[in-house]
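Chain by chain, the residues run as shown.
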Amino acid sequence: MMRREFITFLGGAAAAWPLAASAQQAAQRPKIGILYPGLASALPSRIAALREALQAIGYREPDNVEFVVRSTGGDPIRIIPVAMELVERKVDVILAASLPAVNAARSATTTTPIVALDLESDPVTIGLIDSLSRPGGQVTGIFLDFPDFSKKWLELLREAIPKLSSIAILWDPATGPVQIKSVENAAKELKVKVEIMEVPGISNLDDSIFTASGKGVDAILMLSSAVIGANQEYIAGLTLGLRLPAVTLFPDFARRGGLMAYGVNPVNIFRQSAPIVAKVLRGSKPSEVPAELPTKFELVVNLKTAKRLGIVFPTSILLRADEVIE
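So, how was this worked out
Residues numbered from 1 in each chain as written. Predicted model: local features only at pLDDT ≥ 70, side-chain atom pairs only at ≥ 80, totals over all residues. Heavy atoms only, no water. Helix = DSSP H or I, 4+ residues; strand = E, 2+ residues; numbered from the N terminus. Buried < 20%, exposed > 50% of the residue type's maximum accessible area, 1.4 Å probe, protein only. Areas by Shrake-Rupley, 256 points an atom, 1.4 Å probe, with all protein chains shown as cover. Lys, Arg positive; Asp, Glu negative; His and termini not counted. Charge placed at Lys NZ, Arg CZ, Asp CG, Glu CD. Axes fitted to C-alpha atoms, helices over the stretch in contact; angles between N-to-C directions. Left-handed = near helix turned anticlockwise from the far one by under 90°. Contact = heavy atoms within 4.5 Å. Nonpolar A, V, L, I, M, F, W, Y, C, P; charged D, E, K, R; others polar. Pairing = 2+ DSSP bridges. Parallel < 35°, antiparallel > 145°, perpendicular 65-115°, else oblique. Expected span 1.5 Å × (residues − 1). pLDDT = per-residue confidence, 0-100.

## A short note on the overall build of the chain
And step 1. Within the chain one finds 13 helices and twelve strands.
And step 2. Taken along the three principal axes of its C-alpha coordinates, the chain extends 95 × 40 × 35 Å.
And step 3. For the chain, buried positions account for 52% of its 326 residues.
And step 4. Here the chain has roughly 14900 Å² of accessible surface; of this, 54% comes from carbon and sulfur atoms.
And step 5. The centroid of the 34 positive side-chain charges in the chain is displaced by 3 Å from the centroid of its 33 negative side-chain charges.

Quick look at the structure:
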């Protein structure tokens, strides 16, 4: 009996060892929290790019790293509670996509490292970092030198619509004042009248675009925001249906039926963030990991949409375009 019991014990222990080892490995896997204030439907392609880039530098999911993904569905009220959920899950780093996400993460924790994907602010001026080369605090990441873009967008619209005299600007106030002030200054320089349409959440999107159309503006400029960035196909269809020429930061807007886009692809930004995230997971302090600027910019124009709107793109734009959709 004793021999039989001993063999039974060994068999049970052997069966338990893989489970115990698996549990230990799971406990040791670092957790990457992803905080996104837009629609969850926009995340799969972005997370896939991040996963692929992390895998190339040694972090394979689910063997070596775990993703904890949270989105607000475009509801600004949920951003703080969702950030707190990530902290409660004891993530090792928070990848915060947009300035509202960065601010929410900072409100939820003073110790968890934050990698920002912020295309909306001047991080030094608002105190997120000390400098790109040495951030100096809890936050590092990828930031856009926004003021230069505002004038380029307006210049592109002026080239495409020579009689441009007024534009509506879709702006998410949670992204801060840098974008809107930059565009207002550029519009003043180019003598273009500006109508500001605030879009604090996804529920305000339709009303803002319809209101802009009702004001009789010549075009619409949509500033960087997770609310806008996650709804490219829908916004493209709506602006085209209203016969409203539109431009934005996100190249997929033009690919999905919008008139024109000049800026950075969020998928590329997620991919670019992987080495920064990896450095933090390996023990580097965010204060010492240099922040970066986007490395790739795209100008995409849609000739089919232009034709439907009665717009003829000049050769000057077509020659500069990275992609022309015919």
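## Focus: the packing of helix H2 (residues 43-56) against helix H11 (residues 266-281)
And step 1. At a closest axis distance of 8 Å, the pairing of H2 and H11 adopts a crossing angle of 35 degrees. Between H2 and H11 lies a crossing of right-handed hand. Residues Leu 43, Ser 45, Arg 46, Ala 49, Leu 50, Ala 53 and Leu 54 of H2 lie in contact with H11, whose contacting residues are Pro 266, Val 267, Phe 270, Arg 271, Ser 273, Ala 274, Val 277 and Ala 278.
And step 2. Its residues placed into classes, the contact of H2 with H11 shows eleven nonpolar, two polar and two charged.

## Brief notes about the pairing of strand E11 (residues 298-302)
And step 1. For E11, the tally of buried residues reaches five of five residues, placing the bulk of the element in the interior.
And step 2. Two strands pair when backbone bridges link them, and strand E10 (residues 260-263) and E11 are joined in this way by four bridges, in the antiparallel orientation. Looking at the pairing, Gly 263 lines up with Glu 298 of E11.
And step 3. As paired elements, E11 and strand E12 (residues 323-325) share three bridges and run parallel to each other. Paired with Val 300 across the strands is Glu 323, a residue of E12.

## Regarding the packing of helix H3 (residues 79-88) against helix H4 (residues 99-108)
And step 1. One can describe the packing of H3 onto H4 by two numbers: an axis separation of 8 Å at closest approach and a directional angle of 55 degrees. Of the possible angle classes, the one that applies to H3 and H4 is oblique. Of the two possible hands of crossing, H3 and H4 adopt the one that is right-handed. Listed contacts from H4 to Ile 79, Ile 80, Ala 83, Met 84 and Val 87 of H3 are Pro 100, Ala 101, Ala 104, Ala 105, Ser 107 and Ala 108.
And step 2. Taken together, the residues of the contact of H3 with H4 break down into ten nonpolar, one polar and no charged.

## A look at the sheet that holds strand E9 (residues 246-248)
And step 1. Reading across from one edge, E7-E6-E8-E9-E10-E11-E12 is the order of the seven strands in this open sheet, with mixed pairing throughout. Strand pairing shows two members of the sheet lacking a second neighbour, strand E7 (193-198) and E12, which therefore form its edges. Sheet twist, expressed as the mean angle between neighbouring strand axes with direction ignored, is 15 degrees.
And step 2. Relative to E9, strand E8 (residues 219-222) runs parallel, the two being bridged by three bridges. Each bridged residue has a counterpart across the sheet, and for Leu 221 the counterpart in E9 is Val 247.

## What to know about the sheet that holds strand E5 (residues 139-143)
And step 1. The five strands lie next to each other as E2-E1-E3-E4-E5, forming an open sheet whose pairing is parallel. The open sheet terminates on both sides in strands that have one partner only, identified here as strand E2 (66-71) and E5. Taking each pair of neighbouring strands and ignoring which way they run, the sheet shows an average axis angle of 20 degrees.
And step 2. Relative to E5, strand E4 (residues 114-118) is paired through five bridges, and the arrangement is parallel. The residue of E5 that forms the bridge with Val 115 is Thr 140.

## Examining unusual backbone geometry
The general pattern is negative phi for most residues beyond glycine and trans for most peptide bonds.
And step 1. Glu 61 connects to Pro 62 through a cis peptide bond whose omega is 5 degrees.
And step 2. Checked against the element boundaries, Pro 62 lands in the loop between H2 and E2.
And step 3. The phi angle at Ser 98 is positive, at roughly 110 degrees, despite the residue not being glycine.
And step 4. With respect to the helices, strands and loops of the structure, Ser 98 is situated in the loop between strand E3 (93-97) and H4.
And step 5. Positioned with a positive phi, Arg 243 is a non-glycine residue whose angle comes to about 55 degrees.
And step 6. Checked against the element boundaries, Arg 243 lands in the loop between helix H9 (232-241) and E9.

## Section: H2
And step 1. The first and last C-alpha atoms of H2 sit 20 Å apart over 14 residues, in line with the 20 Å expected at 1.5 Å per residue.
And step 2. Where H2 ends, the next residue or the one after it, Gly 58, has phi of about 105 degrees, a positive value.

## Quick notes on the confidence of the model for the chain
And step 1. Residues with a pLDDT of 70 or more make up 90% of the chain, whose mean pLDDT is 89.
And step 2. Strand E1 (residues 31-36) holds the highest mean pLDDT among the elements of the chain, 98, whereas helix H1 (residues 2-28) holds the lowest, 49.
And step 3. A low-confidence stretch, residues 6-10 stays under pLDDT 50, and its non-local contacts, those more than four residues away or across chains, total zero contacts.
And step 4. In the model, residues 19-25 has pLDDT below 50 throughout and makes zero contacts with residues more than four positions away in sequence or in other chains.

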